[in-house]
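# Structural characterization, general
Residues per chain are reported as follows:
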Amino acid sequence: MTLLIFKEYPLTFSYRRIDTLIDKQMVEVFRPDTAKSRQIYRLTQKAQTIVRHFFGYLSGEKKIPTNRQKNRYSV
C-alpha cells in the first residue's frame, strides 16, 4: 500500500527550478534585478506555512496522528 501511495504522488526534480516554484506560488520576487544586484526571492505566505508546519513535526512540537480517522496513511 505504501508503494502505491508513493507512485501516486511522484516528486520530480522540476521543483528545483525557480520558474516552477514561482508558478506554484511558493516563491515571489522580493527585489527585482538591477544593474548592480541580482534578483532576490522570498517564500510566499503559503510556503512559509508549509515550512512552519513541517518544522513543527521535525522538532517534535507536533505529533503525527496515528489513528485512522485523522491520518489516512496510518496503519
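For the structure itself, look to the data block above.
As a starting point, this report considers the structure included with it. Bear in mind the structure is a predicted one, so any value in this text is a computation, not a measurement. (Residues numbered from 1 in each chain as written. Predicted model: local features only at pLDDT ≥ 70, side-chain atom pairs only at ≥ 80, totals over all residues. Heavy atoms only, no water.)

## Concerning the overall build of the protein
Counting its regular elements, the protein contains three helices and two strands. If you list the helices and strands of the protein from N to C, you get α-α-β-β-α. Put simply, the protein has 75 residues, and 9% of those count as buried. For the protein, the exposed surface amounts to about 7300 Å²; the carbon and sulfur share of it is 60%. (Helix = DSSP H or I, 4+ residues; strand = E, 2+ residues; numbered from the N terminus. Buried < 20%, exposed > 50% of the residue type's maximum accessible area, 1.4 Å probe, protein only. Areas by Shrake-Rupley, 256 points an atom, 1.4 Å probe, with all protein chains shown as cover.)

## A few points about the packing of aromatic side chains
Across all of its chains, the model carries zero aromatic pairs by this definition. One Lys or Arg, lysine 62, reaches over the ring of tyrosine 57 and ends 5.6 Å from the middle of that ring. (Phe/Tyr/Trp six-rings, centres within 6.5 Å; stacked < 30°, edge-to-face > 60°. Lys NZ or Arg CZ within 6 Å of the ring centre and 35° of its normal.)

## Re unusual backbone geometry
A positive phi angle is found at glutamine 25, which is not glycine, with a value near 60 degrees. With respect to the helices and strands, glutamine 25 occurs in the loop between helix 2 (18-23) and strand 1 (27-31). In this structure glutamine 25 comes out as exposed when scored by relative accessible area, which is 55%.

## What to know about a nonpolar patch on the surface
A cluster of nonpolar side chains, contributed by Ile18, Ile22, Val29 and Tyr41, occupies part of the molecular surface with about 280 Å² of accessible area. Tracing the chain through its elements places isoleucine 22 in helix 2. Of the residues examined, isoleucine 22 reaches a relative accessible area of 32% and is grouped as partly exposed. (Patch = residues over 30% accessible without salt bridge, like charges linked within 9 Å, V, L, I, M, F, W, Y side chains within 5 Å. Salt bridge = Lys/Arg side-chain N within 4 Å of Asp/Glu carboxyl O.)

## A look at the environment of arginine 42
Here arginine 42 is to be found in strand 2 (residues 40-43). Among the residues examined, arginine 42 registers a relative accessible area of 40% and is labelled partly exposed. Aside from chain neighbours lying at most four places away, what touches arginine 42 is Met26, Val27, Glu28 and Phe30. Within polar-contact distance, the side chain of arginine 42 engages the side chain of glutamate 28 at 2.8 Å. (Contact = heavy atoms within 4.5 Å. Polar contact = N/O pair within 3.5 Å; in protein donor to acceptor, adjacent residues only side chain to side chain.)

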